[in-house]
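Structural description and commentary
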Protein chains: 2
Amino acid sequence: MQQHRIEADYLLETPDDPERVAATIAGEQSSGTFVRVPGETPELLERAAARVEKLEVIERFTGARALPTSTPTPAGESLVRARLTLSWPLATLGPSLPNLMATVAGNLFELRQVSGLRLLDIRLPQPFAAAYPGPKFGAEGTRRLTGVKGRPLIGTIIKPSVGFSAEDTAALVAQLCAAGIDFIKDDELQADGPNCPFNERVAAVMREVNASADRTGKKPMYAFNLTGDVEEMKRRHDVLLAHGATCLMASINSVGLAGMIELAKFSQLPIHAHRNGWGYLSRHPLLGWSFTAWSKIWRLAGADHMHVNGLANKFSEPDDSVIASARACLEPLFADKPCTVMPVFSSGQGVTQVPGTYAAVNTTDLIVTAGGGILAHPQGPGAGVSALREAWDAALQGVPQADYARTHPALQSAMEAAA
Amino acid sequence: MQQHRIEADYLLETPDDPERVAATIAGEQSSGTFVRVPGETPELLERAAARVEKLEVIERFTGARALPTSTPTPAGESLVRARLTLSWPLATLGPSLPNLMATVAGNLFELRQVSGLRLLDIRLPQPFAAAYPGPKFGAEGTRRLTGVKGRPLIGTIIKPSVGFSAEDTAALVAQLCAAGIDFIKDDELQADGPNCPFNERVAAVMREVNASADRTGKKPMYAFNLTGDVEEMKRRHDVLLAHGATCLMASINSVGLAGMIELAKFSQLPIHAHRNGWGYLSRHPLLGWSFTAWSKIWRLAGADHMHVNGLANKFSEPDDSVIASARACLEPLFADKPCTVMPVFSSGQGVTQVPGTYAAVNTTDLIVTAGGGILAHPQGPGAGVSALREAWDAALQGVPQADYARTHPALQSAMEAAA
């Protein structure tokens, strides 16, 4: 293990000398502190210190700092932006994801020499592959459970997000099953409150899903939000198994890493990883986490599906960022353990985004969810599902959507409603 | 439970009409979506919708957005900053901390209508108090275990942060025990790597701590960093108990909420909550979390000590923010369940910050840690501990530090070294 190193790439902005700042970050995040202390010998540094592997200045400019500092700064000072790669000996922390997080994303973003710092990517040495399960299902397992082949899973979110009782939810699910939906999920706000208790919802929803599967041979995957304390999640997981459910959902920023690792250990179902809260981790371009770096941690921990937002979404994220996230999900993490997960497109999605999404990712190993885009279709949810599936059929056949719509009235209506 | 509501305060910046944006946030975070869907009846809204309780415009100005958006924006557009209070019916989610997080800090920071959003505070209804343990030890339990009364705990951090073997660490601990230290902690980068395995470190360190306690009757509290997966933390906790250790430390952003809740359930030791990574959650003043809001969640989950940085720290956080955080730790969460925790001052701390710290918080229920400030004292760690304790004696007696130092050479040396 001695020779293995962890690497992390950062986007750095500083008013200071970037080489000195890089050395400070490396010191702070390994053996150093703000003064020289006894015991920090050359041998210890060799054994434990983080190394600056690469520092490339991207631009030098005059302007305002991306992030404020506590001391007043000159209005038009000289700033540097650089791409920095650090490495750490694995022997200091071992192949532990929580401790990896404290190392690559610990006390460094608030350093006073830093006026911007964003973690862009991480590269993990082989022992990490052996230490964690990675996705147990991924695209292959999800396709096996749903029977959907050769196209994305067409999914939806129960809307209104909250407020429905268990029976209200089941009634909508019955409609969606009849419409031929592949995938349905709880909203992340729907958990286990008195208004719609988890166990009641599971029983009512699975009654409809199972009945539909018995009738048609097709069993839509319903991702039940079991977000909660560890013991609650274990109990809820077992309730899902008992009712024949085929997917669970968890809000990963709420559950956190140790909880997700534990969940992945006992889960016998695909884990639909919801990223709500992602905005506070990523919204500022010079602070926090890139999706590429962040998602690697959750993929290795055991997520099977990861949310990536969607093209032309209702949030502030630009399309190129959405596409980069989706591609990151599909890129192997280790040669012998790829840990690829299904990207989940959502947020204001409808037929409009289909051609662009397919052109950008060039795969069908996706889950495409539309809440309002399906449920608010002028002819109802059934037509909403048909329209979205038809939009994908057109994209996969390379037929312009408008042409395809001429012979597919559900698609036609959806296009008109979206125009 | 029907009548209970959760409240959250935000600092909002928007180029849009703030009332409309407030309504959008409330809708997104409860029953709404971007289009009207069937089933969103007045009765459902009454039952489940978030409410805008208060919206106070702080300023209207012309300038650049705090956070970028995906669409190009006019250079000097008109912006509004406002303080917004939302409320949610508890009946939707129940008294669940992970689901609370998804509700008050979920998919809202990235809304395109929002050019800045920061969660300032949360107020939890009474059922939350019954649902979680809160700190089992707090200041009282920590004082009972350490025997320190009437002054802050004087602590230090093992430095170099990483690189020491278990025996190197124990040798330093022996020195610190001899010097009369109250509290020692692992650095958050020191976990359970092959260079310094947790079990070996615990055995070696506690051998010294116990021997010193047997000799002197004073047992310093050592906070061992057990950050890891849930099962690892359980095993490590039991190792701590077996060796007579009196504190555990966890990196709360790495462990996450469900993991910390689980840890607090089985822990028989005070939980020293390390906030590394706090920078990515808080560094931008118009994004993410205030310490007040964030710390309430961890306090209720069971933290006993929480890091708050320190005055004149080596990071970018201004002193008023540090003081606000320390005061937040000491403010009751519920009338009958205060959940107050000991604030931990750290980061470049030494004798210099003592008078200002005491003047600002006016309590001794604190842990004050100095790494380099103790270990790099010109006369060694023993004098480092004496100097810091003398600085507090002076502050508590209302004697100017320079006067007190005339008859206290360790303090005198520390002041000279810091000058």
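Residues numbered from 1 in each chain as written. Chains lettered and ligands numbered in written order. Predicted model: local features only at pLDDT ≥ 70, side-chain atom pairs only at ≥ 80, totals over all residues. Heavy atoms only, no water.

1. Here's the deal with the interface of chain A and chain B
- Taken residue by residue, the interface counts 100 residues in chain A and 100 residues in chain B.
- In total, about 7900 Å² of surface goes out of reach between chain A and chain B, with carbon and sulfur atoms giving 57% of it.
- When the buried area of chain A at its contact with chain B is split by residue, Tyr-280, Arg-283 and Phe-315 of chain A rank highest and sum to 10% of it.
- Remark: the boundary between chain A and chain B carries 2 salt bridges.
- Scanning the region where chain A abuts chain B turns up 35 residue pairs in polar contact (both at pLDDT 80 or more).
- When residues in the side of chain A that touches chain B are grouped by element, the largest group, 6 residues, is from helix H11 (residues 257-266) of chain A. (Contact = heavy atoms within 4.5 Å. Buried area = accessible area lost by both parts, 1.4 Å probe. Salt bridge = Lys/Arg side-chain N within 4 Å of Asp/Glu carboxyl O. Polar contact = N/O pair within 3.5 Å; in protein donor to acceptor, adjacent residues only side chain to side chain. Helix = DSSP H or I, 4+ residues; strand = E, 2+ residues; numbered from the N terminus.)

2. Digging into the domain arrangement of chain A
Residues and elements named next belong to chain A.
- We note that the domain assignment places domain 1 (5-131) and domain 2 (138-418) within chain A.
- The distance between the C-alpha centroids of domain 1 and domain 2 comes to 36 Å.
- Counting from both sides, the interface comprises 23 residues of domain 1 and, opposite them, 20 residues of domain 2.
- On the domain 1 side of the contact with domain 2, Leu-97, Met-101 and Arg-118 bury the most area, a combined 31% of that side's loss. (Domains from an automatic or database assignment.)

3. With respect to the side chain of Arg-236 of chain B
Residues and elements named next belong to chain B.
- Locating Arg-236 in the fold gives a position in helix H9 (residues 230-242).
- Residue class for Arg-236 comes out buried when judged on its relative accessible area of 7%.
- A distance of 2.9 Å separates the side chain of Arg-236 from the side chain of Asp-192, its partner in a polar contact.
- Within the structure, the side chain of Arg-236 is placed 3.0 Å from the backbone oxygen of Thr-227, a separation counted as a polar contact. (Buried < 20%, exposed > 50% of the residue type's maximum accessible area, 1.4 Å probe, protein only.)

4. Some remarks on the sheet that holds strand S2 (residues 51-63) of chain B
Residue and element names in this part refer to chain B.
- Taking strand neighbours across the sheet as the criterion, the 5 strands line up as S2-S3-S1-S4-S10 in an open arrangement whose pairing is mixed. The sheet is open, and its two edges are formed by S2 and strand S10 (287-289), each paired on a single side. Across this sheet, the average inter-strand angle for adjacent strands is 15°, counted without regard to direction.
- Pairing geometry for strand S1 (residues 5-14) and strand S4 (residues 116-123), over 7 bridges, is antiparallel. Counted as the bridge partner of Ala-8 is Ile-122 from S4.
- Packed on one face of the sheet, helix H4 (residues 97-104) meets S1, strand S3 (77-89), S4 and S10 and runs near 30° to S1.
- This element, helix H13 (residues 291-301), spans S4 and S10 of the sheet and lies at about 45° to S4. (Pairing = 2+ DSSP bridges. Axes fitted to C-alpha atoms, helices over the stretch in contact; angles between N-to-C directions.)

5. Digging into the pairing of strand S7 (residues 221-225) of chain B
All names here are of chain B.
- Burial of S7 is extensive: 5 of the 5 residues sit out of reach of the surface.
- Side chains of S7 alternate between two faces, with Met-221, Ala-223 and Asn-225 and Tyr-222 and Phe-224 buried alike.
- Judged from the 3 bridges that link them, strand S6 (residues 183-185) and S7 form a sheet pairing that is parallel. In the sheet register, Ile-184 faces S7, and the bridge partner there is Tyr-222.
- One crossover worth recording links S6 to the parallel S7 by way of helix H8 (residues 198-216), and it is right-handed.
- Of the strand pairs in this sheet, S7 and strand S8 (residues 247-251) are connected by 3 bridges, and their pairing is parallel. Counterpart to Phe-224 in the pairing with S8 is Leu-248. (Right-handed = clockwise from strand over helix to strand, strands pointing away.)

6. Some thoughts on the pattern of salt bridges
Residue and element names in this part refer to chain B.
- According to the stated counting rule, one finds 46 salt bridges over all chains in the structure shown.
- Where Asp-182 meets Arg-151, a salt bridge forms, and the shortest distance between an N and an O atom there is 2.6 Å. Here Arg-151 lies in the loop between helix H6 (138-146) and strand S5 (153-157) and Asp-182 lies in the loop between helix H7 (166-178) and S6, a separation of 31 residues in the sequence. Residue Asp-182 shares its accessibility class with Arg-151, and that shared class is buried.

7. Comments concerning the environment of Asn-195 of chain B
Residues and elements named next belong to chain B.
- Counting through the fold element by element, Asn-195 comes out in the loop between S6 and H8.
- Of the residues examined, Asn-195 reaches a relative accessible area of 17% and is grouped as buried.
- C-alpha separation for the pair Asn-195 and Gly-116, spaced 79 residues apart in sequence, amounts to 44 Å.

8. A look at the packing of helix H15 (residues 354-361) of chain B against helix H17 (residues 381-397) of chain B
All names here are of chain B.
- In the contact formed by H15 and H17, the axes pass within 9 Å of each other and the chain directions differ by 45°. Classified by the angle their axes make, H15 and H17 are oblique. When you trace H15 past H17, the crossing you get is right-handed. Where H15 approaches H17, its residues Val-354, Thr-357 and Tyr-358 are matched on the opposing element by Leu-388, Ala-391, Trp-392, Ala-395 and Leu-396. (Parallel < 35°, antiparallel > 145°, perpendicular 65-115°, else oblique. Left-handed = near helix turned anticlockwise from the far one by under 90°.)

9. Observations regarding the relation of the copies chain A and chain B
- The operation relating chain A to chain B is a screw motion whose rotation component is 180°, with 0.0 Å of axial translation and a residual RMSD of 0.0 Å. Interpreted geometrically, this transformation is the action of a two-fold axis. Using C-alpha coordinates, one finds that chain A approaches the rotation axis most closely at Gly-256 of chain A, a distance of 1.8 Å. (Least-squares fit on C-alpha atoms with pLDDT ≥ 70 in both.)

10. Focus on the side chain of Ser-413 of chain B
Residues and elements named next belong to chain B.
- Along the chain, Ser-413 falls in helix H19 (residues 409-418).
- For Ser-413, a relative accessible area of 14% gives the class buried.
- Here the side chain of Ser-413 touches Gln-379 through a polar contact of 2.9 Å, side chain to side chain.
- If we skip the residues at most four places from it in the chain, Ser-413 touches His-377, Pro-378 and Gln-379.

11. Focus: the packing of H4 of chain B against H13 of chain B
All names here are of chain B.
- Packing of H4 against H13 leaves a shortest axis separation of 11 Å and a crossing angle of 170°. In terms of orientation, H4 and H13 fall into the roughly antiparallel class. Where H4 abuts H13, its residues Leu-97, Leu-100 and Met-101 lie against Ile-297, Trp-298, Leu-300 and Ala-301.
- The class makeup of the residues in the contact of H4 with H13 is 7 nonpolar, no polar and no charged. (Nonpolar A, V, L, I, M, F, W, Y, C, P; charged D, E, K, R; others polar.)

12. Considering the UniProt feature "domain: Ribulose bisphosphate carboxylase large subunit C-terminal" (unreviewed entry) in chain A
- The sites that carry the UniProt feature "domain: Ribulose bisphosphate carboxylase large subunit C-terminal" (unreviewed entry) are, in the present numbering, residues 142-416 of chain A.
- Regarding residues 142-416 of chain A, the helix share stands at 49% and the strand share at 13%, and the terminal C-alpha atoms are separated by 32 Å. (UniProt positions renumbered as here; feature names shortened; annotations may be inferred.)

13. Observations regarding the packing of aromatic side chains
Residue and element names in this part refer to chain A.
- Counted according to the given criterion, the structure contains 18 aromatic pairs over all chains.
- Note on Phe-291 and Trp-294: the rings are 5.9 Å apart at their centroids and 50° apart in plane angle, and the pair reads as tilted. Within this pair, Phe-291 and its partner Trp-294 are both found in helix H13 (residues 291-301), separated by 3 residues, close to a single helical turn. One exposure class covers both Phe-291 and Trp-294, and it is buried.
- Feature note: the residues Trp-278, Phe-291, Trp-294 and Trp-298 constitute an aromatic cluster, connected by ring pairs.
- Above the plane of the ring of Phe-198 lies Arg-236, whose end atom (NZ or CZ) is 5.7 Å from the centre. (Phe/Tyr/Trp six-rings, centres within 6.5 Å; stacked < 30°, edge-to-face > 60°. Lys NZ or Arg CZ within 6 Å of the ring centre and 35° of its normal.)

14. So, helix H8 (residues 198-216) of chain A
All names here are of chain A.
- Compared with the 27 Å implied by 1.5 Å per residue over 19 residues, the 26 Å span of H8 between its first and last C-alpha is a close match.
- Those residues of H8 not exposed but buried are Phe-198, Arg-201, Val-202, Ala-204, Val-205, Met-206, Val-209, Ser-212 and Ala-213.
- Here the buried face of H8 lies against helix H7 (166-178), strand S7 (221-225) and helix H9 (230-242).
- Gly-217, located one to two residues past H8, shows a positive phi value of around 80°. (Expected span 1.5 Å × (residues − 1).)

15. Topic: the nonpolar core
- One finds Trp-289 of chain A together with Trp-289 of chain B to be the most contacted residues of the largest nonpolar core, which totals 236 residues.
- Ignoring sequence-local partners within four residues, the contact set of Trp-289 of chain A consists of Met-101, Ala-105, Arg-118, Leu-119, Trp-278, Leu-281, Ser-282, Trp-294 and Ile-297 of chain A together with Tyr-280 of chain B. (Core = buried A, V, L, I, M, F, W, Y, C linked by side-chain atoms within 4.5 Å.)

16. Let's talk about the sheet that holds S7 of chain B
- Strand order in the closed barrel made by the 8 strands is S5-S6-S7-S8-S9-S11-S12-S13 (chain B), with parallel pairing throughout. Across the sheet, the mean angle separating the axes of adjacent strands is 25° when strand polarity is ignored.

17. With respect to helix H14 (residues 319-330) of chain B
- Counted at 1.5 Å a residue, the expected span for H14 of chain B with its 12 residues is 16 Å, and the 17 Å between its end C-alpha atoms agrees.
- Taken together, the buried positions of H14 of chain B are occupied by Val-322, Ile-323, Ser-325, Ala-326, Ala-328 and Cys-329 of chain B.

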